[in-house]
Amino acid sequence: MIWALFRRDVLMIARSPVLWLPVLFFVLVAALFPFAVGPDARLLARIAPGIIWVAALLASLLPVETLLAPDVEDGTIDQLIARGIPLEIICTGRIAAHWLGFAVPLLMALPVAGVLLGLNADTATRLGLALLVGTPALASLAVVAAALTAGLKGGGALAGLIVLPLALPVLIFGVGSDVAGALRLLAAASLVALAVGPFAAAAALRPD
Amino acid sequence: MFKPGGVSEALEITDLACRRGGRLLFEGVSARVNPGGALLLVGPNGAGKSSLLRLLAGLLPAADGTVAFAGRQAFAGHEVALKPRQTLGAELAHWARLDGGQALVPGALAAMNLAPLVDVPCRMLSSGQKRRAAIARVIAAGADLWLLDEPTAGLDAASADLLAQAMAIHRAAGGLIVAAVHGDIGLGDAAVLRLG
């Protein structure tokens, strides 16, 4: 059953017109920084991890209004609850599908962004590993924010305000992942976000 | 699973109360629906018919009282829960998979005269056709208890007849129906619960 839900969520995201938005946004940000900061390759390479992490964080929030709000409005969530499917399972599937929808294309676009920002192969590989570990947390936080703002007008902007402070640990350990132990702390932060996310999102969606 | 021709359990509602937004909608509501039986919820707008249905479907917590039912239920609310870009056939197949099998889908499509529309994206369907699709989803679920919120709203006379036939077949097989209604929906012999 959870497999059927996950497959459906992935299908809905794959067919969604906003599928390429996060990764396009990510590459665009990476392309804009050299213009804004200037062509100093050393400076760009130094701030590149920060740019890439902030871009990834914002990219995870782009589809936040389409993650849960349509399903709440059109009665899909009602149909799932009426079938006795726990909201936690629904939200877990949604987190996994959102991660697949935004993080995997983003990781594939990382070499492009790396070239644009003058990253060497070593740093880019380490950054890719950190993104692999940290993006599940971003997906989880985005789904929680989507659940909290479902049914609100202009929920997307509010979702950003909710997620950005909570994403700080991921951002800090992600950008500093070249320091010994930071990757483990990033993994820990990611696991906490993943463990709490489904329950927080479910609690927000539960009808009162 | 629903066993065609088998005997379902009875639905027992005891002293149910519902509170929405701090306001008491109803209290002390008791009813019993036996296998093959039907219960019509009637009352003015805002009396709590939809809330009672949502409560039975597990979509709302009860402020007081209990609902006892052992079988499976299928719910058709005001929202049709069809994705605009998916075809009708794909949507019904998806929900049937969650309900444990697609064996009943062709029969459900035929029962609501939707077979010619299976390849049509749901955004192209009229509101009456979406309504019929939501009823077909209930039929295809193979559930013991149907919870229908104003099922004839937006249906033409022919479709309302199809619904009446489907409900008669469901009850003949031992199924239960609870429906919120305004007026007659072809359940003449059903018990009536008046709210408000």
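Quick summary incoming for the structure in this document.

### With respect to the environment of A202 of chain A
Examined against the element boundaries, A202 of chain A turns out to sit in helix α11 (residues 182–205). In the structure, A202 of chain A is positioned 113 residues away from I89 of chain A in sequence and 8.6 Å away in space, judged by C-alpha atoms.

### As for the interface of chain A and chain B
With 15 residues of chain A in contact, the opposing surface of chain B contributes 17 residues. Looking at the side of chain A that touches chain B, the elements that each hand over two or more residues are α1 (2–15) and α6 (76–82) of chain A. The element best represented in the side of chain A that touches chain B is α6 of chain A, accounting for five residues. Split into classes, the residues belonging to the side of chain A that touches chain B amount to six nonpolar, four polar and five charged.

### A look at the sheet that holds strand β8 (residues 191–194) of chain B
Backbone-to-backbone hydrogen bonds join strands into a sheet, with any given pair of strands oriented parallel or antiparallel. All names here are of chain B. In spatial order, the strands read β5-β6-β7-β3-β8; together these five strands make up an open sheet with parallel pairing. The open sheet is flanked by β5 (73–76) and β8, the only strands paired with a single partner. Along the sheet, successive strands turn relative to each other by an average axial angle of 15°, direction set aside. With four bridges connecting them, strand β3 (residues 38–42) and β8 associate as parallel partners. Directly across from L40, in β8, lies its bridge partner V192. In the packing of helix α1 (residues 49–56) onto the sheet, contacts are made with β3, β6 (145–149) and β7 (176–180), and the angle to β7 comes to roughly 145°.

### Regarding the pairing of β3 of chain B
Along any regular strand, the residues point their side chains to alternate faces of the sheet. All names here are of chain B. Counting buried residues along β3, four of its five residues qualify, which places the element largely inside the surrounding structure. As paired strands, β3 and β7 are joined by four bridges and run parallel to one another. Its bridge partner lying in β7, L40 is registered against A179.

Reading guide: rules and limits
- Residues numbered from 1 in each chain as written.
- Chains lettered and ligands numbered in written order.
- Predicted model: local features only at pLDDT ≥ 70, side-chain atom pairs only at ≥ 80, totals over all residues.
- Helix = DSSP H or I, 4+ residues; strand = E, 2+ residues; numbered from the N terminus.
- Contact = placed C-beta atoms within 7 Å.
- Nonpolar A, V, L, I, M, F, W, Y, C, P; charged D, E, K, R; others polar.
- Pairing = 2+ DSSP bridges.
- Axes fitted to C-alpha atoms, helices over the stretch in contact; angles between N-to-C directions.
- Buried ≥ 20, exposed ≤ 12 C-beta atoms within 10 Å, placed from the backbone.

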